[in-house]
Amino acid sequence: MKKLFLLLAALFSLVSFSSCSSSADETPLTTDCDITVTFDNVAVVNGVIYATQDYSLKVESISFRSASGSTKSISHVEYAIDSRVSSRAVFSPFNGRFDTRLLEAGTHTLGMFFNIIQLDNTVLPDNVQYVFTVVPTRADLPAGAELGTYTQKFRVTPD
């Protein structure tokens, strides 16, 4: 029991003296970054992403660029459809393919979960969620819609 008490006391003192400080000269680290996601085999009508059961939904690439010019990267991307993890991409371009034949016609969510790694090795988890609608065939797409490539750019900023 004494050893456990001493071990806990030593651990407490280590934790209390290992806090970080920051000076005015240091550049604050943020999660500001620009992310570009490119989809294939989708149609976008009035902001709604459509996929069909007869063509797999694809994420061709996810590109990542620091908005502030600081050194950052992402370690991997985990994909989840309707909150169920479906795949993991560990190398750029972080692409993924999703068999839409396994999904019922209707609305679904594609989540992309990744870690932003900063210069000081701080790991900041983040995610992006896309709502998309699955229809049985191309003929069921809205009038005039065609399957193709769709690219969306956005900025991730700290809360």
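Since this is a predicted model, take the numbers as computed values, not measurements.

## What to know about the confidence of the model for the chain
Piece 1. For the chain, per-residue confidence averages 78 on the pLDDT scale, and 74% of positions sit at 70 or higher.
Piece 2. Per-element confidence in the chain ranges from a low mean pLDDT of 36 for helix α1 (residues 2–17) to a high of 95 for strand β2 (residues 48–52).
Piece 3. Below pLDDT 50 for its whole length, residues 1–27 participates in 1 contact with residues either more than four positions away or in separate chains.

## With respect to the nonpolar core
Piece 1. The biggest cluster of nonpolar side chains holds 28 residues, and the ones touching the most others in it are Y79, L110 and M112.
Piece 2. When residues of this core are traced back to their parent elements, those giving at least two are β1 (33–45), β2, β3 (57–66), β4 (72–81), β7 (106–118), β8 (123–135) and β9 (148–156).
Piece 3. Per-element accounting of this core gives the leading share, 5 residues, to β1.
Piece 4. Once you skip the residues sitting within four places of it in the chain, L110 turns out to touch F39, L57, V59, Y79, A80, I81, F98, V128, Q129, Y130 and F132.
Piece 5. With 6 residues, the next largest nonpolar core counts A43, L141, A145 and L147 among its residues.

About the cut-offs
Residues numbered from 1 in each chain as written. Predicted model: local features only at pLDDT ≥ 70, side-chain atom pairs only at ≥ 80, totals over all residues. Heavy atoms only, no water. pLDDT = per-residue confidence, 0-100. Helix = DSSP H or I, 4+ residues; strand = E, 2+ residues; numbered from the N terminus. Contact = heavy atoms within 4.5 Å. Core = buried A, V, L, I, M, F, W, Y, C linked by side-chain atoms within 4.5 Å. Buried < 20%, exposed > 50% of the residue type's maximum accessible area, 1.4 Å probe, protein only.

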